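Residue-level structural notes
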Amino acid sequence: MQDAETVEKMRIAGRIAAQAMAAAAELIAPGVTTDQLDAVAHAYMCDHGAYPSDLGYRGFPKSICTSINEVICHGIPDSTVLQDGDIVNIDATAYIHGVHGDLNATYLVGDVDEESRLLVERTRESLNRAIKAVKPGRQINVIGRVIESYAKRFDYGVVRDFTGHGINTSFHSGLIIPHYDSDRATTVIKPGMTFTIEPMLTLGTYDYEVWPDGWTVVTKDRKRTAQFEHTLLVTADGAEILTLP
């Protein structure tokens, strides 16, 4: 449980992360590299007194994650050029005043096909529904149950091995938030908890492979995937989103 002072610091961290992500997202267009997105987000966080939590985390070499098309998560920004029709996820986390704020969103690059556009729209909706399901007294597994039941309507895969997590003075605390209905996620939700929800939905299988870089996670069938994330504070009657610009 976080005290009021820690929560207020997390609001600041969350706001900076959200604004850094938004600043990077303004650049998204065919012909732009993921390195350019990284540079903008890095500069924004540093200019506002924050440190990019990703940079150096377990050896991660960049300040944000940029995950294109079949990349589920943890894509490393580089000289890759965004193409018309791509979808790209930006995951940004800011560290300031001893706490972290973490969020991500998937964006359309140019003219995107209907199947991909709907995947992105519905992944965002799955996050929104999960946030509304957060209530004190419920078990954590209500979050995954809501996401999975919604995703099944469209025959989407729900990634299982990468989850939401507790967050506060630690980037990843011990709390795990599955995005599928898990009978092991029986922790009771209580006011003052802070954690992320970050569903990853796929057009095909949720099975994955990891590139030799040790970070980049791709769908095994190479079908597209989308993700959205917010950092939340559990309140007396629901959840407050801490990662709003």
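Residues numbered from 1 in each chain as written. Predicted model: local features only at pLDDT ≥ 70, side-chain atom pairs only at ≥ 80, totals over all residues. Heavy atoms only, no water.

Some details on the overall build of the chain
Per the secondary structure count, the chain includes 4 helices and 15 strands. In terms of overall dimensions, the chain is globule-like: its C-alpha atoms have a radius of gyration of 17 Å, near the 18 Å expected for 245 residues. Taking the principal axes of the C-alpha coordinates as reference, the chain spans close to 45 × 45 × 30 Å. Each of the 245 residues in the chain was classed as buried or not, and the buried ones make up 55%. Counting contacts in the chain only where the partners sit at least 6 residues apart, residues at least 24 apart contribute 69% of the total. Counting every atom, the chain has about 10300 Å² of accessible surface; 49% of that belongs to carbon and sulfur. On the chain, the mean spot of the 22 positive side-chain charges and the mean spot of the 33 negative ones are 8 Å from each other. (Helix = DSSP H or I, 4+ residues; strand = E, 2+ residues; numbered from the N terminus. Rg over C-alpha atoms; globule rule 2.2 N^0.38 Å. Buried < 20%, exposed > 50% of the residue type's maximum accessible area, 1.4 Å probe, protein only. Contact = heavy atoms within 4.5 Å. Areas by Shrake-Rupley, 256 points an atom, 1.4 Å probe, with all protein chains shown as cover. Lys, Arg positive; Asp, Glu negative; His and termini not counted. Charge placed at Lys NZ, Arg CZ, Asp CG, Glu CD.)

So, the pattern of salt bridges
Scanning all chains against the criterion turns up 11 salt bridges. For E5, the salt bridge is made with K9, and the minimal N-O distance between the two is 3.5 Å. Of this pair, E5 and K9 both sit in helix α1 (residues 4-25), 4 residues apart, which is roughly one turn of that helix. Where R160 meets E148, a salt bridge forms, and the shortest distance between an N and an O atom there is 3.9 Å. Note that R160 is positioned in the loop between β6 (157-158) and β7 (164-165) and E148 in helix α4 (residues 141-152), a separation of 12 residues in sequence. Note on R160: relative accessible area 29%, which makes it partly exposed. Given the relative accessible area of 16%, E148 is considered buried. The structure contains a network of salt bridges with shared partners spanning E8, R11 and E240. (Salt bridge = Lys/Arg side-chain N within 4 Å of Asp/Glu carboxyl O.)

Topic: the sheet that holds strand β9 (residues 194-197)
Across the sheet, which stays open at both edges, the 3 strands sit in the order β9-β14-β15 with antiparallel pairing between neighbours. Since the sheet does not close on itself, it has two edges, and those belong to β9 and β15 (239-241), each with one partner. Geometrically, the sheet is characterised by an average inter-axis angle of 40° between neighbouring strands, direction not taken into account. Note: β9 against strand β14 (residues 230-234), 4 bridges, orientation antiparallel. When the bridges of β14 are listed, T194 appears paired with L233. (Pairing = 2+ DSSP bridges. Axes fitted to C-alpha atoms, helices over the stretch in contact; angles between N-to-C directions.)

A few points about the nonpolar core
Generally speaking, a soluble globular protein has its nonpolar side chains buried in company with each other. If you look at the biggest cluster of nonpolar residues, it comprises 65 residues, and the most contacted ones within it are M45, I143, F195 and I197. When near neighbours in sequence (up to four residues on either side) are disregarded, M45 contacts I16, A20, A50, Y51, P52, S63, I64, A92, T93 and A94. By size, the runner-up hydrophobic cluster in this structure holds 6 residues, among which are I72, C73, V159 and V217. (Core = buried A, V, L, I, M, F, W, Y, C linked by side-chain atoms within 4.5 Å.)

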